[in-house]
Amino acid sequence: MPTTRVADNAYDVALENFETAANALGLDHDTQEMIKYPERVLMVTVPVRMDDGHIRRFEAYRVQHSQVRGPAKGGIRYHPQVTLDEVKALATWMTWKCAVVNIPFGGAKGGITCDPKHMSQGELERMTRRYTSAILPLIGPQQDIPAPDVYTNSQTMAWIMDTYSMTKGYPIPGVVTGKPISLGGSLGRNEATGRGVFYTIECACEHLHLPLKGATVAVQGFGNAGSIAAQLLHEAGAKVIAVSDSTGCVYNKNGLNIPELMHMKVLCGHVEGFPESEAISPAQLLALDCDILVPAALENTVHADNAEAVRAKIVAEAANGPLTPAADRILQNKGVFIIPDILCNAGGVTVSYFEWVQDEQHLFWEAQDVYNRLERVMKTAFRDVVKIHVERKVPMRIAANMLGIGRVAEAVQLRGIYP
Ligand code: NAD
């Protein structure tokens, strides 16, 4: 029972957020024009021989929004609702996100409009390899480094790394991040986004003087980001009372057993029917009386029609763009503390950066080393954003955008315009 995705165009939202923050920063028109739009947009056709022998055509994209502060960086999404505008929006957010956590990358994103749930492993592999070949002129460890996103994973990255390396003639693990450990992946990368979400929630609780131990949590979307955030919150003593995925929502007012729920999700592929839980609707999950709501599914799941019902004190945006601008305004007016996506879910790209550094150095770190560095980066970024939020009296989302956009603007002003 998926939540309906409403018509807000993600790219319009990204541009609107940009304008608000750039104007609050007092950025001049020329600088805004230089950093606002994607630098490169590639649209490709991906023909794939399906298992039954017929050939199917998929539309796919790779967008590089910015290489001002370093190589472009961003995930690849496989989903039936992928559009060019969605990919442009996600690429734009990646630029500001990398700048918020102050890692030397720009922003990019890729996507294929497909339904991976109804494709075999062989079909997915052939589609991934052909897509890699089609975007090959754009990607590379010093140019543009893809990573996993919705419905892509470490296996997808292994196929991309292999296709790229075979074409170049030697192994190039640094072309993608989120790889399997045995191919140059980083310890801690798989859990990085959820772990980063957790660190920012810890900071938000401290900022609001809300004890995390005993706090009640609802998590929408129980994939990579949502499930790890739920697990760490559970381990920290918070009570995760509701969780959903695209098949349904489960609720227990005394707290769900998250390790067992994760086990069931791996075994059965869904959360529905979890013992000691009752089924609730997606709308009921959003409206639960809880301290922390973690939207960790897709864009626009909280919108004008359901935002008023949200009762959480903190909304931690593990997903990219989960609130429409209307929902954002409603929650602001209700006094909800929002940890914006470009801060909240930046743990993934931060450990991707660590992975790339390790690949470039051929020297690999211990898991605890990765966690410590990630915690430092996330907590510093949170403090930097809160400082702007408090001093400039702007919402957290605008503060985060001001921090990221300000850093990109400074870099572009220093580089100047070529030729
Ligand atoms: P994923 O594919 O692992 O999980 C997505 C989850 O959302 C699945 O459990 C799916 O069933 C569920 N879902 C889909 N539609 C839903 C709906 N309408 N209601 C409830 N649940 C729904 O993906 P992920 O990597 O966890 O990504 C989730 C979000 O986090 C995306 O917005 C993604 O861009 C963002 N994100 C992910 C990473 C990362 O490293 N994985 C990094 C940054 C941001």
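Residues numbered from 1 in each chain as written. Predicted model: local features only at pLDDT ≥ 70, side-chain atom pairs only at ≥ 80, totals over all residues. Heavy atoms only, no water.

1. Some details on the packing of helix α7 (residues 224-235) against helix α8 (residues 258-268)
Argument step 1. Following both chains from N to C, one finds α7 and α8 inclined at 155 degrees, their axes separated by 9 Å at the closest point. One way to sum up the angle between α7 and α8 is to call them roughly antiparallel. For the crossing formed where α7 meets α8, the hand is left-handed. For the pair α7 and α8, contact is made by Ser227, Ile228, Ala230, Gln231 and His234 and by Ile258, Pro259 and Met262, respectively.
Argument step 2. Grouping the constituent residues of the contact of α7 with α8 by class yields five nonpolar, three polar and no charged. (Axes fitted to C-alpha atoms, helices over the stretch in contact; angles between N-to-C directions. Helix = DSSP H or I, 4+ residues; strand = E, 2+ residues; numbered from the N terminus. Parallel < 35°, antiparallel > 145°, perpendicular 65-115°, else oblique. Left-handed = near helix turned anticlockwise from the far one by under 90°. Contact = heavy atoms within 4.5 Å. Nonpolar A, V, L, I, M, F, W, Y, C, P; charged D, E, K, R; others polar.)

2. Quick notes on helix α12 (residues 347-361)
Argument step 1. Taking 1.5 Å per residue, 15 residues should reach 21 Å; α12 reaches 21 Å between its end C-alpha atoms and fits that length.
Argument step 2. Counting buried residues along α12, twelve of its 15 residues qualify, which places the element largely inside the surrounding structure.
Argument step 3. Within α12, the full set of buried residues consists of Gly347, Gly348, Val349, Thr350, Val351, Ser352, Phe354, Glu355, Trp356, Val357, Gln358 and Asp359.
Argument step 4. The inward-facing, buried residues of α12 abut β3 (72-79), α3 (84-100), β5 (144-148), α6 (192-208) and α13 (367-391).
Argument step 5. Just downstream of α12 lies His362, where phi reads positive at about 55 degrees. (Expected span 1.5 Å × (residues − 1). Buried < 20%, exposed > 50% of the residue type's maximum accessible area, 1.4 Å probe, protein only.)

3. Focus: the domain arrangement of the protein chain
Argument step 1. Taken domain by domain, the protein chain comprises domain 1 (38-183) and domain 2 (192-344).
Argument step 2. Measuring from the centre of the C-alpha atoms in domain 1 to the corresponding centre in domain 2 gives 27 Å.
Argument step 3. Taken together, the contacts link 13 residues of domain 1 with eight residues of domain 2.
Argument step 4. Counting each side, the surface lost to burial between domain 1 and domain 2 is near 850 Å², with a carbon and sulfur contribution of 58%.
Argument step 5. Per-residue buried area on domain 1 facing domain 2 is highest for Trp93, Lys97 and Val100; these three make up 48% of the total on that side.
Argument step 6. Joining domain 1 to domain 2, the criterion identifies one salt bridge.
Argument step 7. Put simply, Glu299 and Arg77 hold a salt bridge, and the shortest N to O gap is 2.7 Å.
Argument step 8. Between domain 1 and domain 2 we count three residue pairs in polar contact (both at pLDDT 80 or more) in total. (Domains from an automatic or database assignment. Buried area = accessible area lost by both parts, 1.4 Å probe. Salt bridge = Lys/Arg side-chain N within 4 Å of Asp/Glu carboxyl O. Polar contact = N/O pair within 3.5 Å; in protein donor to acceptor, adjacent residues only side chain to side chain.)

4. Some thoughts on the pairing of β5
Argument step 1. Summarising burial for β5: four of the five residues are buried, a large majority.
Argument step 2. Where β3 and β5 come together, five bridges link them in parallel fashion. Looking at β5, one finds that Ile76 is bridged to Pro148. (Pairing = 2+ DSSP bridges.)

5. Details of the state of the cysteines
Argument step 1. Within the structure shown, the criterion is met by zero disulfides.
Argument step 2. Between Cys203, a free cysteine, and Cys205, which holds the nearest cysteine sulfur, the sulfur-to-sulfur gap is 9.4 Å.
Argument step 3. Residue classification places Cys203 among the buried positions, given a relative accessible area of 11%.
Argument step 4. Not part of a disulfide, Cys344 finds its nearest cysteine sulfur in Cys203, a span of 11 Å.
Argument step 5. The exposure class assigned to Cys344 is buried, which follows from its relative accessible area of 0%. (Disulfide = S-S within 2.5 Å.)

6. Points about unusual backbone geometry
Argument step 1. In this chain, Tyr418 is followed by Pro419 through a cis amide linkage whose omega measures 5 degrees.
Argument step 2. For His209, which is not a glycine, the phi torsion comes out positive at approximately 55 degrees.
Argument step 3. Here His209 is to be found in the loop between α6 and β6 (216-220).
Argument step 4. On the basis of relative accessibility, which here comes to 71%, the residue His209 falls in the exposed class.
Argument step 5. In this structure, Asn300 takes a positive phi of about 60 degrees despite not being glycine.

7. As for the sheet that holds β5
Argument step 1. Spatial strand order, β1-β2-β4-β3-β5: five strands in an open sheet with mixed pairing. If you trace the sheet from one side to the other, it starts and ends with β1 (40-49) and β5, each paired once. Taken over all neighbouring pairs, the strand axes of this sheet differ in orientation by 20 degrees on average, direction set aside.
Argument step 2. When β3 meets strand β4 (residues 106-113), the two strands line up parallel, connected through six bridges. Each residue of the ladder has a partner; that of Ile76, found in β4, is Gly110.
Argument step 3. The strands that helix α4 (residues 121-135) touches are β1, β2 (55-66), β3 and β4; relative to β1, the one it contacts most, it runs at about 145 degrees.

8. Regarding helix α14 (residues 396-415)
Argument step 1. Over its 20 residues, α14 extends 29 Å from the first C-alpha to the last, a length consistent with the 28 Å expected when each residue adds 1.5 Å.
Argument step 2. With 15 of 20 residues buried, α14 is to be regarded as a mostly interior element.
Argument step 3. Positive backbone phi, at 75 degrees, marks Gly416, one or two positions downstream of α14.

9. Points about the site of the ligand
Argument step 1. Near the ligand, the surroundings consist of 24 residues, among which Asp149, Thr193, Asn224, Ala225 and Asn320 are the closest.
Argument step 2. In the environment of the ligand, an oxygen atom lies 2.6 Å from a nitrogen or oxygen atom belonging to the side chain of Thr193.
Argument step 3. At 2.9 Å, a backbone N or O of Ala225 approaches an oxygen atom of the ligand.
Argument step 4. Here the ligand, which alone exposes 820 Å², has 90% of that area covered by the protein.
Argument step 5. Looking at the shell around the ligand, the elements that each hand over two or more residues are α7 and β7 (239-245).
Argument step 6. Broken down by class, the residue content of the shell around the ligand amounts to nine nonpolar, ten polar and five charged.
Argument step 7. Counting the residues that make up the shell around the ligand, at least three belong to each of domain 1 (38-183) and domain 2 (192-344). (Near = heavy atom within 4 Å. Areas by Shrake-Rupley, 256 points an atom, 1.4 Å probe, with all protein chains shown as cover.)

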